[in-house]
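If you want the building blocks of each chain, they are given just below.
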Amino acid sequence: MDTELRELEQKRRELGSGGGADRIAKQHQQGKLTAWERIQRLTDEGSFLEFDEFVRCRSGCFGLDHQVIPKDGVITGVGTIGGRRVALYSQDFTVLGGSLGEMHAHKIVKVMDLAMKLGIPFIGLNDSGGARIQEGIDSLYGYGEIFYRNTRASGVIPQIAVNLGPTAGGAVYSPAIMDFVIMSEQATMYITGPNVVKAVMGEEVSHAELGGGAVHNQESGVAHFLADSDETAIQTARRLLSFLPDNYLQEPPRLESIAPASDPALRALLPTDHSKSYDVHAVIEQIVDGGDFMEVQSLFARNIVVGFGRIAGRVVGLIANQARHLAGVLDINSADKAARFVRFCDSFNIPLLTLTDCPGYLPGIQQEHGGVIRHGAKLLFAYSEATVPKVTLILRKAYGGAYIAMCSRPLGADMVFAYPTAEIAVMGAEGAAEIIFKKEIASAGDPDAARLEKIREYQEQFYNPYRAAERGFVDAVIDPADTRPTIARALEMLRSKSENPPEKRHGNIPL
Ligand code: HXC
C-alpha cells in the first residue's frame with residue numbers, strides 16, 4: 001500500500017505543478033493567481049472536491065502526445081461558498097495557455113451536467129487562449145457542447161463567469177451566454193485578436209483596446225462587473241452569489257432583519273425643483289437594508305441603475321432611472337441592460353422593485369437608426385413577461401412611453417406607489433403646451449406669457465400623482481418617509497403571488 005500511496009502522491013505532485021515553475025512565476029508577475037490559488041480563494045477552506053485530475057489529452061497532433069499536459073489545462077470540481085455548494089472550473093493558463101481541447105471540454109461538460117443534476121450554481125474561472133489550435137475540430141466540438149449546456153442551464157441554475165486573463169476566440173461565448181460576467185483588469189475578451197485585426201483590417205490595436213475590462217464594462221455591455229485584481233473579482237462572485245438562490249425552484253436566501261421603520265431622511269432626497277438632477281443611488285441606499293446595494297453593470301448605460309439589495313431581509317432586484325445621467329432617459333443600451341436584468345430576476349424568484357423618474361425615450365437619428373424601437377421593446381416584453389412580484393414606486397417623472405415601460409400597472413405591476421412629487425403625464429409640460437395650445441399661443445397678444453400660462457395649466461393638471469390614482473393606476477400615494485415599511489409590507493403581501501403565463505413553447509422577445 002505504501003508504494004501505491006507514494007505513486008499517487010507523486011502523480012498528484014506532478015499534475016499539481018501545472019505548466020511548471022517558470023510559467024507560474026510569469027503568471028504571478030502579470031498580477032494573476034494560478035488556477036488552484038483562485039479556487040482556494042473562491043471556495044470555503046477545505047471544501048473543494050476535485051474531479052478528473054488524471055484525465056489526459058488524447059490528441060496526437062502537433063506533438064501533443066509527447067507533452068505532459070497536466071489536468072488538460074483545467075481544474076474542475078464542487079466546493080462551497082458560505083456553506084452553499086457550487087460547481088466550478090478553473091482554467092490553467094500555464095498549461096498550453098489554458099486553451100480548450102477535447103478532454104478539457106469534457107471535464108467542463110461533466111461538471112456542468114452535475115451542476116444541473118444537483119441544482120447548484122455554476123462558476124467558470126476563465127483564463128484561456130481559446131480553442132486549442134493543435135486539436136482542431138475536437139476543440140470546436142467541445143465549445144459547442146459547452147454553449148449548448150450553458151443555454152440549457154440558463155434560467156435553471158445561476159451561471160457566473162469570472163474572466164481573469166485572456167478569454168480569446170471561442171472562450172468568449174460561454175461567458176456571454178451565462179448570467180453574469182466579472183472581468184479583472186488583466187482580462188480581455190475578443191473574438192479575433194490584434195494580429196487578425198491587423199492582417200484583415202490593417203489596424204494596430206492593443207489587446208486591452210480591443211476587449212479589455214473597461215471596453216466591456218463601459219462600451220459593449222458584455223461584462224457586468226470590473227475588478228482591479230483576481231482577488232476582488234473572486235470576492236465579487238462570492239458576494240453576488242449571496243443574493244441568488246441555488247436554482248429556479250428556490251427563493252434567494254433571506255437574512256434576519258428588524259422590521260423597517262419610517263425615515264424622514266427620504267423626504268429630503270429629491271430636489272424640489274423638478275428639473276434638477278440627483279443621484280438615485282442615494283435613494284436606493286436609503287431604501288435597501290443597511291444601504292447594502294450590489295449594482296450590476298454600474299459602468300454601462302448609466303442612465304439606468306440595476307442591482308440587488310434586500311428589504312426586510314428579502315432579496316429584491318432594483319431597476320431605477322438615474323436622473324444624473326442623460327436625465328434618466330431610456331435608450332437602446334439602458335433598455336437592453338434593464339430588460340436582461342428583469343429577466344434574470346424573473347428566472348430566479350427575485351421580486352422586482354422599480355423606481356421611476358424618467359422623462360421618456362432619447363430622441364434622435366442615432367437612436368432611431370440604431371433600433372431604439374427594437375431595443376426598447378425588450379423592456380416592455382421583459383416586464384410584461386415577468387411573473388415575480390412587481391412593485392413600482394414613481395418618484396418623480398413618469399412621462400409618456402417611460403410611464404408605461406417602467407413597470408406600470410398595465411404591464412402587470414402588482415403594486416404601484418407614488419410620491420406626492422410624482423408627475424404622470426403624456427409628456428413634459430413645455431412640449432405639451434407647444435403642441436396642444438399652438439394656435440392660442442401664436443394668436444395671443446403676448447405669446448411668451450401665453451406659453452407660460454399654458455405650461456402652468458398643463459402642470460397643474462398632470463404634474464401630480466392624483467389623476468393616475470383616481471383611476472386606480474396608482475394604488476397609494478405615500479409619504480417618502482414611509483417608503484421602507486410600505487415596500488416591505490407590499491413584498492410580504494405578494495409573497496404567495498402565483499401567476500401562470502399562457503401555455504406556449506416560449507415567447508419571442510425582440511432580440
Ligand atoms: C494552443 C495556445 C493557444 C491556443 C495560447 N497558447 N493560445 N496553445 N491553442 N489557442 C499557448 C502558447 O503557444 C504558449 O505556449 C502559451 O499558451 C502561452 O501563450 P503566449 O502567447 O506565450 O502568452 P501571451 O503572450 O500572454 O498571449 C496570450 C494570448 C495569445 C493573447 C492568448 O497566446 C494568443 O493570441 N493566443 C491565440 C488566441 C486565439 O486566436 N484564439 C482563438 C483560437 S480559435 P508555450 O508553450 O510557449 O508556453 C477559436 C475559435 C472558436 O477559439 C470559435 C468558436 C465560436
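In case you missed it, the structure is sitting above this.
Residues numbered from 1 in each chain as written. Predicted model: local features only at pLDDT ≥ 70, side-chain atom pairs only at ≥ 80, totals over all residues. Heavy atoms only, no water.

Q: Hey, could you go over the overall build of the chain for me, with residue numbers and the actual values?
A: The secondary structure content of the chain amounts to 20 helices and 16 strands. Seen through its principal axes, the chain has C-alpha atoms that stretch 100 × 55 × 45 Å. Buried positions account for 51% of the 511 residues belonging to the chain. A separation threshold of at least 6 residues defines the contact pool for the chain, and within that pool the share at least 24 residues apart is 74%. Of the roughly 23400 Å² of accessible surface on the chain, 54% is carried by carbon and sulfur atoms. (Helix = DSSP H or I, 4+ residues; strand = E, 2+ residues; numbered from the N terminus. Buried < 20%, exposed > 50% of the residue type's maximum accessible area, 1.4 Å probe, protein only. Contact = heavy atoms within 4.5 Å. Areas by Shrake-Rupley, 256 points an atom, 1.4 Å probe, with all protein chains shown as cover.)

Q: Hey, could you go over the side chain of Ser 139 for me, with residue numbers and the actual values?
A: Note that Ser 139 resides in helix H5 (residues 137-153). Every residue in contact with Ser 139, bar those within four places of it in the chain, is listed here: Leu 100, Gly 101, Ala 131 and Arg 132.

Q: Lay out the pattern of salt bridges with the relevant residues and their values.
A: Under the defined criterion, the tally for this structure stands at 37 salt bridges. The closest approach of N and O atoms between Arg 267 and Asp 479, which form a salt bridge, is 2.7 Å. Residue Arg 267 is found in the loop between helix H10 (230-241) and helix H11 (280-287), and its partner Asp 479 is found in the loop between strand E16 (476-477) and helix H20 (483-493); the two are separated by 212 residues along the sequence. Between Lys 276 and Asp 273 there is a salt bridge, with its nearest N and O atoms 3.9 Å apart. With a relative accessible area of 48%, Lys 276 lands in the partly exposed category. (Salt bridge = Lys/Arg side-chain N within 4 Å of Asp/Glu carboxyl O.)

Q: Let's hear about the environment of Ala 490: which residues, and what values?
A: Mapped onto the elements, Ala 490 comes out in helix H20. Judged by relative accessible area, Ala 490 falls into the buried class, the value being 4%. Through-space distance from the C-alpha of Ala 490 to that of Arg 409 is 15 Å; in sequence the pair is 81 residues apart. In this view, Ala 490 contacts Val 391, Met 415 and Phe 417; residues no more than four positions away in its chain are not counted.

Q: Now, about the site of the ligand: what can you tell me, with residues and values included?
A: If you check the shell around the ligand, you find 18 residues, and the closest are Arg 23, Gly 97, Gly 129, Ala 131 and Gly 170. Taking Arg 23, its side chain carries an N or O atom lying 2.9 Å from an oxygen atom of the ligand. Within the contact set of the ligand, a nitrogen atom lies 2.8 Å away from a backbone nitrogen or oxygen of Gly 129. Across the shell around the ligand, the residue classes break down as 9 nonpolar, 7 polar and 2 charged. (Near = heavy atom within 4 Å. Polar contact = N/O pair within 3.5 Å; in protein donor to acceptor, adjacent residues only side chain to side chain. Nonpolar A, V, L, I, M, F, W, Y, C, P; charged D, E, K, R; others polar.)

Q: Just give me the short version of the side chain of Thr 188, but keep the residues and values in it.
A: Within the secondary structure, Thr 188 is located in strand E7 (residues 188-190). Residues contacting Thr 188, with those up to four places away along its chain left out, are Gly 165, Pro 166, Thr 167, Met 183, His 207, Ala 208, Gly 211 and Gly 212.

Q: Account for the packing of aromatic side chains, with residues named and values stated.
A: The tally for this structure, following the rule as stated, stands at 13 aromatic pairs. Between Phe 308 and Phe 344 the ring centres are 6.1 Å apart and the planes differ by 70 degrees, which places this aromatic pair in the edge-to-face class. Remark: Phe 344 occurs in helix H12 (residues 332-347) and Phe 308 occurs in strand E10 (residues 304-311); sequence separation between them is 36 residues. Classification of Phe 344 by relative accessible area gives buried; the value is 5%. Site record: aromatic cluster; members linked through ring pairs are Phe 180, Phe 225, Phe 243, Phe 308, Phe 341, Phe 344 and Phe 348. Positioned above the aromatic ring of Phe 93, the side-chain terminus of Lys 32 is 4.3 Å from the ring centre. (Phe/Tyr/Trp six-rings, centres within 6.5 Å; stacked < 30°, edge-to-face > 60°. Lys NZ or Arg CZ within 6 Å of the ring centre and 35° of its normal.)

Q: Give me the state of the cysteines: which residues, what numbers.
A: Between two cysteines, a covalent bond joining their sulfur atoms is known as a disulfide. Within this structure, the stated rule accounts for 0 disulfides. The thiol of Cys 358 is not disulfide-bonded; the next cysteine sulfur, from Cys 407, is found 14 Å away. In this structure Cys 358 comes out as buried when scored by relative accessible area, which is 0%. (Disulfide = S-S within 2.5 Å.)

Q: Outline a nonpolar patch on the surface, listing residues and values.
A: Together, Met 1, Leu 5, Leu 8 and Phe 54 line one region of the surface with nonpolar side chains, adding up to about 400 Å² of accessible area. In this structure, Met 1 sits in the segment before helix H1 (2-16). (Patch = residues over 30% accessible without salt bridge, like charges linked within 9 Å, V, L, I, M, F, W, Y side chains within 5 Å.)

Q: Describe the packing of helix H3 (residues 35-42) against H10, listing the residues and the values that go with them.
A: Across the interface, H3 lies against H10 with an axial gap of 9 Å and an inter-helix angle of 40 degrees. On the basis of their axis angle, the class for H3 and H10 is oblique. When the axes of H3 and H10 are compared, the crossing they make is right-handed. Across the interface between the two elements, Arg 38, Arg 41 and Leu 42 of H3 pack against Asp 230, Glu 231, Ile 234, Gln 235, Ala 237 and Arg 238 of H10. Across the contact of H3 with H10, the residue classes break down as 3 nonpolar, 1 polar and 5 charged. (Axes fitted to C-alpha atoms, helices over the stretch in contact; angles between N-to-C directions. Parallel < 35°, antiparallel > 145°, perpendicular 65-115°, else oblique. Left-handed = near helix turned anticlockwise from the far one by under 90°.)

Q: Explain helix H4 (residues 102-118) to me, using residue names and the numbers behind them.
A: If you check H4, its first and last C-alpha atoms are 24 Å apart, about what 17 residues at 1.5 Å a residue would give, namely 24 Å. All of the buried residues in H4 are Glu 102, Met 103, His 104, Ala 105, Lys 107, Ile 108, Val 109, Val 111, Met 112 and Ala 115. Gly 119, located one to two residues past H4, shows a positive phi value of around 65 degrees. (Expected span 1.5 Å × (residues − 1).)

Q: How would you sum up unusual backbone geometry? Please name residues and give values.
A: Phi is positive for Asp 72, close to 55 degrees, though the residue is something other than glycine. Mapped onto the elements, Asp 72 comes out in the loop between strand E1 (49-51) and strand E2 (74-81). With relative accessibility at 0%, the residue Asp 72 sits in the buried group. With phi around 50 degrees, Leu 326 is a residue other than glycine that occupies positive phi space. Mapped onto the secondary structure, Leu 326 falls in the loop between strand E11 (314-321) and H12.

Q: How would you summarise the nonpolar core if you had to cite specific residues and measurements?
A: Generally speaking, a soluble globular protein has its nonpolar side chains buried in company with each other. Ranked by internal contacts, the top residues of the largest apolar core, which has 63 residues, are Ile 123, Val 162, Leu 244, Phe 308, Ile 319, Leu 379 and Tyr 383. Take this core: its biggest share by element is 7 residues, from H12. For Leu 379, the contacting residues outside a window of four places in its chain are Leu 330, Ala 335, Ala 338, Ala 339, Ala 405 and Met 406. (Core = buried A, V, L, I, M, F, W, Y, C linked by side-chain atoms within 4.5 Å.)

Q: I'd like a description of the pairing of strand E5 (residues 159-168), backed by residues and values.
A: Here E5 lies mainly inside the structure; 9 of its 10 residues are buried. The pairing of strand E4 (residues 122-128) with E5 spans 6 bridges and is classified as parallel. Of the residues in E5, the one forming a bridge with Gly 124 is Ala 161. With H5 bridging E4 and the parallel E5, this β-α-β connection has right-handed handedness. Bridge count between E5 and strand E6 (residues 180-184): 4 bridges; the pairing is parallel. (Pairing = 2+ DSSP bridges. Right-handed = clockwise from strand over helix to strand, strands pointing away.)

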